[in-house]
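# Remarks on the overall topology
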Amino acid sequence: VEMRSTEYLLNGIGSTLVNVFGADGFSVILTPEDKKWYYIAWSGFYDKNDLFKIAEELQALEVSNIKMILDSGDVGFINDTERYGHWKGENNPVKSWLGMPMIVRGKMIGVISLDWFEKRRVKGWMVALARDLIGDISKILESFEGVMRVLAEPNVDPILGIPNENALMEGLKEVREEERSVGILYIKLENFEKISKIYGAQMGNEILKAAYRRLSEGIAKRGRIYKISGSEFVVLLENPLPGVLMSLERRINNAFLRIIDVEKAGKRAFVKLNLKTGIAMSPLDVRDPTKLLGFAKKNAG
């Protein structure tokens, strides 16, 4: 529910800004300091783009339009994107751009981009209005506690609203300190990136949510699920027997033999997700619980 309300809210804000500024499209990217950047809302047109890859490339660049906003903490604009190299080769139609920092409780958590597909001069009133709206948008976001938890919590995955890799590693450090036994089941959706390119990022998110629901049904509350990357999950179990983990691994693989059927905005997708899985236990396989993930990945098949 929280993730759905977050998407609706941010898409509503973006669509409103497009109408106010006369832009052709918008996108909202989250830019956490300690994990991967994510696009969390965007105009339908961008569904054709590989937004996972674009977010990764933007984060890796030393200089970009997004980092311009993060460095300045202010509204920024570019009248002619052709002068900036990182727009080339992306198959992106954006010719002019305006960016607004997204600030929640005094912390910058992302950037809202407004795009024009024909070159135009971003006028002074647009910049002034964008600056005025930053505070209003912050108040709207802060008034929704569910949205706040997803956007501002560093240990929550912004797509699914579940614990992320940061949360997993913090939990494993506690296990190490308390000398408890623990086991993990590592799961990678091997063909997810390819499927997301075929169906688009928006439908890709719906497929990812469907995969998480199936994973939740498969573990039947036996452990806690973490999303550690765009297509990887971990199920954490306290004090498990080796046979329990192996049984759970078989159960999950069997659950994903069935086709996933999702629908979004009138579009429908039927996909078969291929899994790569691995299990690891501490102290049986590795004494240090924080090394479980690396062990499970290395031995996954």
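## Looking at the side chain of serine 229
One can find serine 229 in the loop between β7 (224–227) and β8 (232–238). Side-chain polar atoms of serine 229 contact the side chain of glutamate 232, separated by 2.8 Å.

## Some thoughts on the sheet that holds β8
In space, the four strands of this open sheet follow the order β7-β8-β6-β11, with antiparallel pairing throughout. Since the sheet does not close on itself, it has two edges, and those belong to β7 and β11 (275–282), each with one partner. Neighbour-to-neighbour, the strand axes of this sheet turn through a mean angle of 20°, independent of strand direction. Judged from the eight bridges that link them, strand β6 (residues 182–189) and β11 form a sheet pairing that is antiparallel. The residue of β11 that forms the bridge with tyrosine 186 is glycine 278.

## Quick look at the sheet that holds strand β3 (residues 76–78)
Taken in spatial order, the five strands line up as β2-β1-β5-β4-β3 in an open sheet, and their pairing is antiparallel. At either margin of the open sheet sits one strand with a lone partner, and together these are β2 (38–42) and β3. Recorded for the sheet is a direction-independent mean angle of 25° between the axes of neighbouring strands. As judged from the four bridges shared by strand β1 (residues 25–30) and β2, these two strands associate in the antiparallel manner. If you follow isoleucine 29 over to β2, its bridge partner there is tyrosine 39. Against the sheet, helix α2 (residues 51–60) makes contact with β1 and β2, and its axis sits at roughly 125° relative to β2, the strand it touches most. Strands β3, β4 (96–104) and β5 (107–116) of the sheet are contacted by helix α4 (residues 124–142), whose axis makes an angle of about 35° with β4.

## Some remarks on the pattern of salt bridges
Summed over the entire model, instances satisfying the criterion amount to 11 salt bridges. A salt bridge links lysine 119 to glutamate 82, with the nearest nitrogen and oxygen atoms 3.5 Å apart. Here glutamate 82 lies in the loop between β3 and β4 and lysine 119 lies in the loop between β5 and α4, a separation of 37 residues in the sequence. Among the residues examined, glutamate 82 registers a relative accessible area of 44% and is labelled partly exposed. The partner of glutamate 178 in a salt bridge is arginine 180, and the shortest N-O contact between them spans 2.0 Å. On the basis of relative accessible area, glutamate 178 is assigned to the partly exposed category, the value being 49%.

Procedures and definitions
Residues numbered from 1 in each chain as written. Predicted model: local features only at pLDDT ≥ 70, side-chain atom pairs only at ≥ 80, totals over all residues. Heavy atoms only, no water. Helix = DSSP H or I, 4+ residues; strand = E, 2+ residues; numbered from the N terminus. Polar contact = N/O pair within 3.5 Å; in protein donor to acceptor, adjacent residues only side chain to side chain. Pairing = 2+ DSSP bridges. Axes fitted to C-alpha atoms, helices over the stretch in contact; angles between N-to-C directions. Contact = heavy atoms within 4.5 Å. Salt bridge = Lys/Arg side-chain N within 4 Å of Asp/Glu carboxyl O. Buried < 20%, exposed > 50% of the residue type's maximum accessible area, 1.4 Å probe, protein only.

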